[in-house]
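These are the residues of each chain, in order.
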Amino acid sequence: MVGIYFSGTGNSKYAVELFCSEYNKDSRAYSIEDDEALTAIKESDLIVFAYPVQFSTIPKILRDYITDHKALWMNKKVFLIATMGLFSGDGAGILGRLLKKHGAKPVGGLHLKMPDSIADEKALKRPLQKNKELVKQAEQKIKESVNRLKAGNPTKEGMGPLYRLAGFFGQRAYFGHKTKAYSSKLKVDTDSCIGCGKCEKVCPMGNMAIKDKKAVSSDRCTMCYRCINICPNQALTLLGKRVVEQCGIEKYR
Ligand SMILES: Cc1cc2nc3c(=O)[nH]c(=O)nc-3n(C[C@H](O)[C@H](O)[C@H](O)COP(=O)(O)O)c2cc1C
């Protein structure tokens, strides 16, 4: 088994690494940004994916990865882990369906409620203790789910028509368009930006650059929130107007 993930603030990475180590101490997880991931995928017949749900769908960068490498998925067994702040309906099922189109066989799914990565929306923020509890609960769910997968009775969260209806009417019908293309909406507060270049380093899309000692963003943002959560001067925003709380899994473990 191999783990494959995309992760903005570390939740999905943490989840799939734990899943892999519980399943088998030799199993490893790779980011889709890691060149070695492709070889690992080719060599494994069971792939566990993990990713953050965005508006009840898959981040654009992950969708593109799946379609850019569509020849890889034929006959692979796939298990989908969707991490989310609150709700996704069919967060696991939506990637399962995309992979199935390319010949994969979805065997199960897991939904994990974890700290919300959207740093600039006050309504989504929870107290630190609550986020720590969510991570503990997620760990417990992962262990149970691994045991069920090993026993041949995998969890199927987010898979099936009722979950699909919930994902569509709960979110995608209204917000799904936001992930159809990369975003050009990332904003830089040039008064606060100190031009340190951290955003440029962490961006998985090459969307950030430093020009004249200030960060500038382009139109290729996959909304992972890495840069917003790491900016030392809270100079970046995307969905909201002001950074409320910067997050990262290391704060909540
Ligand atoms: C642009 C964006 C949209 C999101 N949409 C949803 C959503 O529809 N439902 C939900 O429960 N969480 C949503 N979230 C929260 C993330 O899915 C959640 O925090 C996830 O665990 C982050 O994982 P990561 O740390 O691996 O990036 C969204 C986050 C972002 C950045």
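Scope of this entry: the structure provided in the associated data block.

Cut-offs used in this document
Residues numbered from 1 in each chain as written. Predicted model: local features only at pLDDT ≥ 70, side-chain atom pairs only at ≥ 80, totals over all residues. Heavy atoms only, no water. Helix = DSSP H or I, 4+ residues; strand = E, 2+ residues; numbered from the N terminus. Polar contact = N/O pair within 3.5 Å; in protein donor to acceptor, adjacent residues only side chain to side chain. Salt bridge = Lys/Arg side-chain N within 4 Å of Asp/Glu carboxyl O. Buried < 20%, exposed > 50% of the residue type's maximum accessible area, 1.4 Å probe, protein only.

Time to look at the environment of Asp219. Among the structural elements, Asp219 can be located in the loop between strand E8 (214–217) and helix H8 (226–230). Distance from Asp219 to Ala181, taken between C-alpha atoms, is 9.3 Å for residues 38 residues apart in sequence. Looking at Asp219, its side chain comes within polar contact range of the side chain of Ser218, at 3.2 Å.

Now for the pattern of salt bridges. Tallying each qualifying case throughout the model produces 9 salt bridges. Among the ionic pairs, Lys25 bridges to Asp26, the shortest N-O distance being 3.9 Å. Using a relative accessible area of 74% as the deciding quantity, one classes Lys25 as exposed. Assessed through its relative accessible area of 63%, Asp26 is described here as exposed. A salt bridge links Glu157 to Lys141; the nearest nitrogen and oxygen atoms lie 3.1 Å apart. Of the two residues, Glu157 is situated in the loop between helix H5 (128–150) and helix H6 (161–175) and Lys141 in helix H5; the sequence distance between them amounts to 16 residues. Lys141 sits in the partly exposed class, given a relative accessible area of 30%. Connected through salt bridges with shared partners, the residues Asp90, Arg97 and Arg172 form a single ionic network.

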